[in-house]
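# Per-entry structural report
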Amino acid sequence: MDEMRLDFAERCEGLRLWTDECVDTLGEVVVADSVAEAEQQLGELGPGSAFEATLLAKRTELAQLAAFAATMAECGVTSNPYSRFTLSEMQSSLDEIDAALAERCGRLQAALDLQRELEQLKRRFASAAEAVLAHAAAEKVQLEAEAPAFTIQPGDAAALARGKQAVELLAARLTAEARAARAVALAPAEELAAELLRQGDLHNPFTHHTGPSLKSVLNQLEKLIRDRQQYVEAQLARAEVSISREQHAEIVAAFKHFDKNNNGGLDFKEFVAALQSVDLAIDDKEMKQAFEALATPAEEGGKEGAKGEAHIGQEDYITCVLKFYADSDTSDSLLDSFRLLAGGSEFVTASDVKGAMGEANAGPLLAALAPYETEQGYDYNALARRLYAQRAASPTPH
């Protein structure tokens, strides 16, 4: 009798140990970082799996234990001091496994659904990323077609005209509208990247790009456009303005003098001081526009200006000075022509203009000229200021 009791107790202990371990395992946190991983874990618990076979074997083992308990009862064994578990408790433990299995399979299915959703998001992001890259590539092709790098020699009228057209085309690519078009191209990818970030899934096997890397691609494109614009403007400035070696040395010396921290760049205050030191009388608005057009923001790399401010390098500074010299020279030439026409007077009369241009051709110029303040004539200084956006009395370089 005791042998039967001991045998029953040992068989119960072994089966109960397995059921407890099984319930603990099934209750562990579900970790599935991909569709394949979630599918694998579901497959390990589903029909035809090793787990299903093991569970069936344990059910068979419980049935055999029930038959053994019946035999013990027929032999008059109604109590068992050696066993911690009854047959009904053993049945309950197996039922608990069924509940834990169903609950885990539900959690795995939810994880699988989430991973499928994330995979779709990742595929859509990869597609959106390709669209952004295609947009950038197409704009680069257009850039090379519209404004290729070329040399402009002084006196080459065709090259000068081509350079001026290239500057206009490049400026159009730096307008708010052009930037908005790039933002529109980037927006779908940014939205998908933000959703993936909210989901906490940053690994994408379908592309190595991220939201920030795509934005960097477009920022680099804009930098390329700006650099090309500055290159062409520098070519134009050097072709249109002839300065002596002494003047060039003076411009460079001014730059180095006001580069107080010797970092190869001028911040806005240093830029203004350097311009003024080479006798350029330019209003604040125009100086600010020139600085913003040529300056490099500190975050774009390179040597930073003081306190991390935007800065302008030596070559861009020389380009800027030459452009102002060119504008000043052109304005002075116009004023000299008007003074000659007006016989040295500060205003020109309608008869002066008609006598020089003819009655039929004088109309547009007279319409553009503003009346002079105190005389019966026209203020040609005002026209020069309007055309060249600087004071007619600005000193010329010397």
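Just above sits the structure.
First, a word on what this report is: a plain description of the structure on this page. (Residues numbered from 1 in each chain as written. Predicted model: local features only at pLDDT ≥ 70, side-chain atom pairs only at ≥ 80, totals over all residues. Heavy atoms only, no water.)

### Section: the overall build of the protein chain
Basically, it comes down to this: A run of DSSP states H or I qualifies as a helix once it reaches four residues; a run of E qualifies as a strand once it reaches two. Both are numbered from the N-terminal end. Only protein chains enter the accessibility calculation, which uses a 1.4 Å probe; a residue whose area is less than 20% of its type maximum is buried, one above 50% is exposed, and one in between is partly exposed. When checking whether two residues touch, look at their non-hydrogen atoms; a contact exists if any pair is within 4.5 Å. Reported accessibility uses the Shrake-Rupley method at a 1.4 Å probe radius. Residues are deemed covered only where the shown protein chains occlude them.
The helix and strand tally for the protein chain stands at 14 helices and two strands. Here the protein chain holds 398 residues, and 40% of them are scored as buried. Of the contacts made within the protein chain by residues no fewer than 6 positions apart, 77% connect residues no fewer than 24 positions apart. Surface accessibility of the protein chain: about 21,900 Å² in total, with carbon and sulfur atoms responsible for 54%.

### Quick word on a negative patch on the surface
Here is the rule we go by: Within this analysis, patches are made of residues with over 30% relative accessible area and no salt bridge. Like charges are joined at 9 Å or less; nonpolar side chains (Val, Leu, Ile, Met, Phe, Trp, Tyr) at 5 Å or less. We define a salt bridge as a contact between a side-chain nitrogen of Lys or Arg and a carboxyl oxygen of Asp or Glu at a distance within 4 Å. Charge convention: Lys and Arg are scored as positive, Asp and Glu as negative, and His as well as the terminal groups of each chain are ignored. Every charge is mapped to an atom, namely NZ of Lys, CZ of Arg, CG of Asp or CD of Glu.
A contiguous patch of negative charge on the surface is contributed by Glu 21, Asp 24, Glu 28 and Glu 96. Tracing the backbone shows Asp 24 in helix H1 (residues 2-26).

### Things to note about the pattern of salt bridges
Under the defined criterion, the tally for this structure stands at 18 salt bridges. Note that Asp 227 is salt-bridged to Lys 223, the shortest N-O span being 2.9 Å. Here Asp 227 and its partner Lys 223 are both found in helix H7 (residues 211-240), four residues apart, which amounts to about one turn of the helix. Residue class for Asp 227 comes out partly exposed when judged on its relative accessible area of 33%. In this structure Lys 223 comes out as partly exposed when scored by relative accessible area, which is 24%. Bridged by salt links that share partners, the residues Glu 139, Glu 146, Arg 173, Arg 179, Arg 182 and Glu 222 form one connected network.

### Quick look at the packing of aromatic side chains
Rule in force here: Side-chain rings of Phe, Tyr and Trp (the six-membered ring for Trp) are treated as a pair once their centres are within 6.5 Å; stacked means planes under 30 degrees apart, edge-to-face means over 60, and tilted covers the remaining angles.
Within this structure, the stated rule accounts for four aromatic pairs. Between the aromatic rings of Phe 271 and Phe 291, the centroid separation amounts to 5.4 Å while the plane-to-plane angle is 50 degrees, which identifies the pairing as tilted. Within this pair, whereas Phe 271 is found in helix H9 (residues 268-277), its partner Phe 291 is found in helix H10 (residues 284-294), the two being separated by 20 residues in sequence. Residues Phe 271 and Phe 291 agree in their burial class; the two are buried. Here the aromatic rings of Phe 271 and Tyr 317 are separated by 6.3 Å at their centres, their planes lie at 85 degrees, and the arrangement is edge-to-face. Of this pair, Phe 271 sits in helix H9 while Tyr 317 sits in helix H11 (residues 314-341), and the two are 46 residues apart along the sequence. Accessibility expressed as a relative area gives 0% for Phe 271, which makes it buried. When its relative accessible area of 0% is taken as the criterion, Tyr 317 is described as buried. Feature note: the residues Phe 255, Phe 268, Phe 271, Phe 291 and Tyr 317 constitute an aromatic cluster, connected by ring pairs.

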